[in-house]
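In case you want the letters, here they are:
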Amino acid sequence: MTAAASSPLRLPPAAELGLPPSAGLGLHREHLDEVLGRAGRLGFIEIHAENFMSEGGPTLALLDQLASQYPISLHGVALSLGGEEPLDPAHLQRLRRIIDRTRPASFSEHLAWASHDGIYFNDLLPIAYDATTLSRVADHVDEAQSALGMRLLLENPSTYVSHAASDWDEIDFLAEIARRTGCGLLLDINNAVVSSVNHGWDPQAYLQRFPLALVGEIHLAGHSETRDDAGQRLLIDSHGEAIAEPVWLHYADVIARAGPLPTLIERDNDIPAFAVVAAEVAQAAAILARHARKAA
Amino acid sequence: MTPLKSFSIAVRTPDGVQPMFVSAAGGRFTIYQRNHVASLTAALAKTFPVVQRLVGEPFFAAMAARFIFQSPPRVPMLADYGADLADFIAAFEPAESLPFLADVARLEYARVRAWHAADHASPPLDGADAVAALLPHRIVLHPSATLIQSDHPVLAIWAANQPETAVPVEDWQPETALVHRSGDVVLNTPIDADTNTFLAALLTAESLESALLALPDPDTAGAALLHVLQLLQAGALITTCHEGTLP
């Protein structure tokens, strides 16, 4: 147990937590002027934690400026919650420093592994959905929530292969971790579509079963489509294209059922002009507004 | 061998077979092998754009793939990745015809490191009293600063390969560069031969005073002191005057 993890768990009450139920944008350097100039109607900004782990200098100044202007969604990609090895205490400390500095409205990570044997893979790799892995991930989520002093949202992954050992359904697996740890879930609708197509699941059924009451944030992103060596349809979670029409349709359906939820537009590759992503933010905001009015 | 151990070896083995326990027809495991190399190659290209420009994208990608296999990231901050790329290049035979390439990589890595390094507020240096007060103290590099001694015109090569400028390298001379961050800007400062010699002595000396007294030619002390003061004022060097402010 790390020193950070042994400190008493003081999770803020749920009412004090969370992003606004509006549309936000994943930050990229290319859009910095518009974001800091509040050019778009952005409900919040999501930042990748690992891009802000500088010791000093302009990166930390930018972090402060963003936190003073927007609710912050802090999104980690490297904690390796699904890994076989203990969580890296140095990485937990680096995350804690950013959390203490920016007081983010939300912290999220992935149901995946990213490191093994001291090597960082820079990718979100698939885990087995079995009882052993479930206990391990739940322990890691417990440890992370203690060390970071806040509730975590766990994101459903996009995967291309599956482990033969898996004998749990992905949604049951996520829900059970949430039940054991008290964490929330981040529903990435693009990941749900990508994994469903790649594994022959029905995306509609997947989203119907997803426990929306646990969802603290939604991600929307683009994917690319190809065929694998056997000629089967294969979706790649590229984050380099516009959000696909089926993803928008599933999103509207989810919001109709759940009511407005914080929604992020994610674009990490082939970054287009700000106006292009701002249009996607506006499209999500319009869907949220429609259902906010209905709810009212 | 644990499942993730064999998975991780397979991801990092080009043309390797996929682990037995993974069900994936259609060659889908190769997506993970490709992602690993492609995403880290992109991270290296971001840190080393001039190296990439000098060798071209195909050569850079092939070199990066070898480097990634030999020297994968050990921490998840990609801005830190590539600390040993310069040494790798120096020993990489296909790049032998560009003997300056390793030093260009050193300069580019130093610039990224400078951007992310810790802050250190230096006291203002005004008046003779302030200068005299420096004499008993050690002088060290600012946390953002790296000194690069090259047998090649490393600064001129770097400047000649910026996207917005095309400056031919006119004078092919060895150059020493001091890279550091000043405010929101990373600066490359050329260091002349005399200052370089003095700086090397100064950075290992007990104090500024002892470094000045050890100069073989006392007549050069004035010029050397002036350069050191300029570098202190620019924030590339710091003193240990203020206890507890060093990282």
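Please read these numbers as outputs of a predicted model, since none were measured by experiment. (Residues numbered from 1 in each chain as written. Chains lettered and ligands numbered in written order. Predicted model: local features only at pLDDT ≥ 70, side-chain atom pairs only at ≥ 80, totals over all residues. Heavy atoms only, no water.)

Attention now moves to the overall build of chain A. If you tally the helices and strands in chain A, you get 9 helices and 13 strands. By the compact-globule yardstick of 19 Å for 296 residues, chain A fits well, its C-alpha radius of gyration being 18 Å. Its C-alpha atoms put chain A at 50 × 45 × 40 Å along the principal axes. Burial status across chain A gives 58% buried among its 296 residues. When contacts within chain A are restricted to residue pairs at least 6 apart in sequence, those whose partners lie at least 24 apart make up 78%. In the structure as shown, chain A presents an accessible area of about 11500 Å², 51% of it carried by carbon and sulfur atoms. Across chain A, the centroid of the 21 positively charged side chains sits 9 Å from that of the 39 negatively charged ones. (Helix = DSSP H or I, 4+ residues; strand = E, 2+ residues; numbered from the N terminus. Rg over C-alpha atoms; globule rule 2.2 N^0.38 Å. Buried < 20%, exposed > 50% of the residue type's maximum accessible area, 1.4 Å probe, protein only. Contact = heavy atoms within 4.5 Å. Areas by Shrake-Rupley, 256 points an atom, 1.4 Å probe, with all protein chains shown as cover. Lys, Arg positive; Asp, Glu negative; His and termini not counted. Charge placed at Lys NZ, Arg CZ, Asp CG, Glu CD.)

What follows is about unusual backbone geometry. Residue and element names in this part refer to chain A. Phi angles above zero are rare outside glycine, and Arg103 is one such case at about 45°. Checked against the element boundaries, Arg103 lands in the loop between α3 (89-102) and β4 (106-110). Taking the relative accessible area as the measure of exposure, Arg103 reaches 63% and is therefore exposed.

On domain assignment, one finds that chain B holds domain 1 (3-98) and domain 2 (128-239). Averaged C-alpha coordinates put domain 1 of chain B and domain 2 of chain B at centres separated by 35 Å. (Domains from an automatic or database assignment.)

What follows concerns the packing of aromatic side chains. For the structure shown, the criterion picks out 17 aromatic pairs over all chains. Seen in terms of ring centroids, Tyr160(A) and Tyr32(B) are 5.5 Å apart; in terms of plane orientation they differ by 55°. Their pairing is tilted. Of this pair, Tyr160(A) sits in the loop between β7 (152-155) and β8 (162-163) while Tyr32(B) sits in helix α2 (residues 30-47), on two different chains. One exposure class covers both Tyr160(A) and Tyr32(B), and it is buried. Aromatic pair Phe67(B) and Phe88(B): ring centres 5.4 Å apart, planes at 70°, arrangement edge-to-face. With Phe67(B) in helix α4 (residues 57-70) and Phe88(B) in helix α5 (residues 85-90), this residue pair connects regions lying 21 residues apart in the sequence. (Phe/Tyr/Trp six-rings, centres within 6.5 Å; stacked < 30°, edge-to-face > 60°.)

Ranked by internal contacts, the top residues of the largest apolar core, which has 92 residues, are Ile218(A) and Tyr251(A). The residues contacting Tyr251(A), other than those within four sequence positions of it, are Ile189(A), Ile218(A), Leu220(A), Thr263(A), Ala284(A), Ile287(A) and Leu288(A). (Core = buried A, V, L, I, M, F, W, Y, C linked by side-chain atoms within 4.5 Å.)

All names here are of chain A. Assignment of secondary structure puts Ser238 in the loop between β12 (233-236) and α8 (245-258). Under the relative-accessibility criterion, Ser238 is labelled buried at 17%. In terms of polar contacts, Ser238 uses its side chain to reach the backbone amide nitrogen of Ser224, at 3.5 Å. One polar contact links Ser238 to Glu241, side chain to side chain, over a distance of 2.3 Å. When sequence neighbours within four positions are dropped, the list of residues in contact with Ser238 reads Gly222, His223, Ser224 and Asn269. (Polar contact = N/O pair within 3.5 Å; in protein donor to acceptor, adjacent residues only side chain to side chain.)

So, about α4(B). Taking 1.5 Å per residue, 14 residues should reach 20 Å; α4(B) reaches 20 Å between its end C-alpha atoms and fits that length. As for α4(B), its buried residues are in contact with α2, α3 (49-55) and α5 of chain B. (Expected span 1.5 Å × (residues − 1).)

Turning our eyes to something else, we now look at helix α9 (residues 193-202) of chain B. Each full turn of the α-helix corresponds to 3.6 residues, which orients residues three or four apart in the same direction. Every buried residue of α9(B) is accounted for by Thr195(B), Asn196(B), Phe198(B), Leu199(B) and Leu202(B). Sitting at the amino-terminal end of α9(B) is Asp192(B), which places a side-chain oxygen 3.1 Å from the backbone nitrogen of Asp194(B).

When two helices pack together, their arrangement is given by the angle between the helix axes and by the axis-to-axis distance. All names here are of chain B. Here α9 crosses helix α11 (residues 221-234) at 70°, and the two axes come no closer than 10 Å. When the axes of α9 and α11 are compared, the pair comes out roughly perpendicular. Facing Thr195, Phe198, Leu199 and Leu202 of α9, the residues of α11 in contact are Ala224, His227, Val228 and Leu231. Across the contact of α9 with α11, the residue classes tally to 6 nonpolar, 2 polar and no charged. (Axes fitted to C-alpha atoms, helices over the stretch in contact; angles between N-to-C directions. Parallel < 35°, antiparallel > 145°, perpendicular 65-115°, else oblique. Nonpolar A, V, L, I, M, F, W, Y, C, P; charged D, E, K, R; others polar.)

Moving on, we get to the pairing of β12(A). All names here are of chain A. Where strand β11 (residues 224-227) meets β12, 4 bridges bridge the pair, whose relative direction is antiparallel. For Thr226, the partnering residue across the bridge sits in β12 and is Leu234. Here β11 folds back onto β12, and the loop between the two strands holds 5 residues, one of which, Gly231, carries a positive phi near 85°. (Pairing = 2+ DSSP bridges.)

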